[in-house]
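Below are the chains, spelled out letter by letter.
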Amino acid sequence: RQNFKDLLMQVSLAKLEEYARYLDGVAILQSLLSEEKAQLAKALVEMRFDRDEMVLRQGEPGSTFYILYEGSVSIIKDG
């Protein structure tokens, strides 16, 4: 049981470190301190979308800040 918990903790820490490294490359976040980026990394929720899936629609109220980690996205304005 403890080995499983230790393994989960190692995976979680590795993911947080991966997120923090990625956040270092996000231009809009450059002014954040390392500690602030670490806190942001802890708050991230990874989401996956299928090809051609609508993530959000223009005009809808938004409450989520998306950071594209992998892949590509198309943005269509007024269409």
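Our structure's up above, just so we're on the same page.
As the structure is a computational prediction, the values presented were derived from the model and not from experiment.

What follows covers the overall build of the protein. What the protein contains, in helices and strands, is two helices and zero strands. Here the C-alpha radius of gyration of the protein, 16 Å, is well above what a compact globule of 79 residues would show, namely 12 Å. By its C-alpha atoms, the protein is 55 × 30 × 20 Å across when sized along the principal axes. Carbon and sulfur atoms provide 54% of the accessible area of the protein, an area that totals close to 7,500 Å². Charge-centre separation for the protein: the mean point of 10 positive side chains lies 4 Å from the mean point of 13 negative side chains.

Relative to the assigned elements, Y69 resides in the segment after helix 2 (34-43). With a relative accessible area of 36%, Y69 lands in the partly exposed category. The spacing of Y69 and L32 is 37 residues in sequence and 19 Å in space, taken between C-alpha atoms. Ignoring sequence-local partners within four residues, the contact set of Y69 consists of E18 and Y22.

Procedures and definitions
Residues numbered from 1 in each chain as written. Predicted model: local features only at pLDDT ≥ 70, side-chain atom pairs only at ≥ 80, totals over all residues. Heavy atoms only, no water. Helix = DSSP H or I, 4+ residues; strand = E, 2+ residues; numbered from the N terminus. Rg over C-alpha atoms; globule rule 2.2 N^0.38 Å. Areas by Shrake-Rupley, 256 points an atom, 1.4 Å probe, with all protein chains shown as cover. Lys, Arg positive; Asp, Glu negative; His and termini not counted. Charge placed at Lys NZ, Arg CZ, Asp CG, Glu CD. Buried < 20%, exposed > 50% of the residue type's maximum accessible area, 1.4 Å probe, protein only. Contact = heavy atoms within 4.5 Å.

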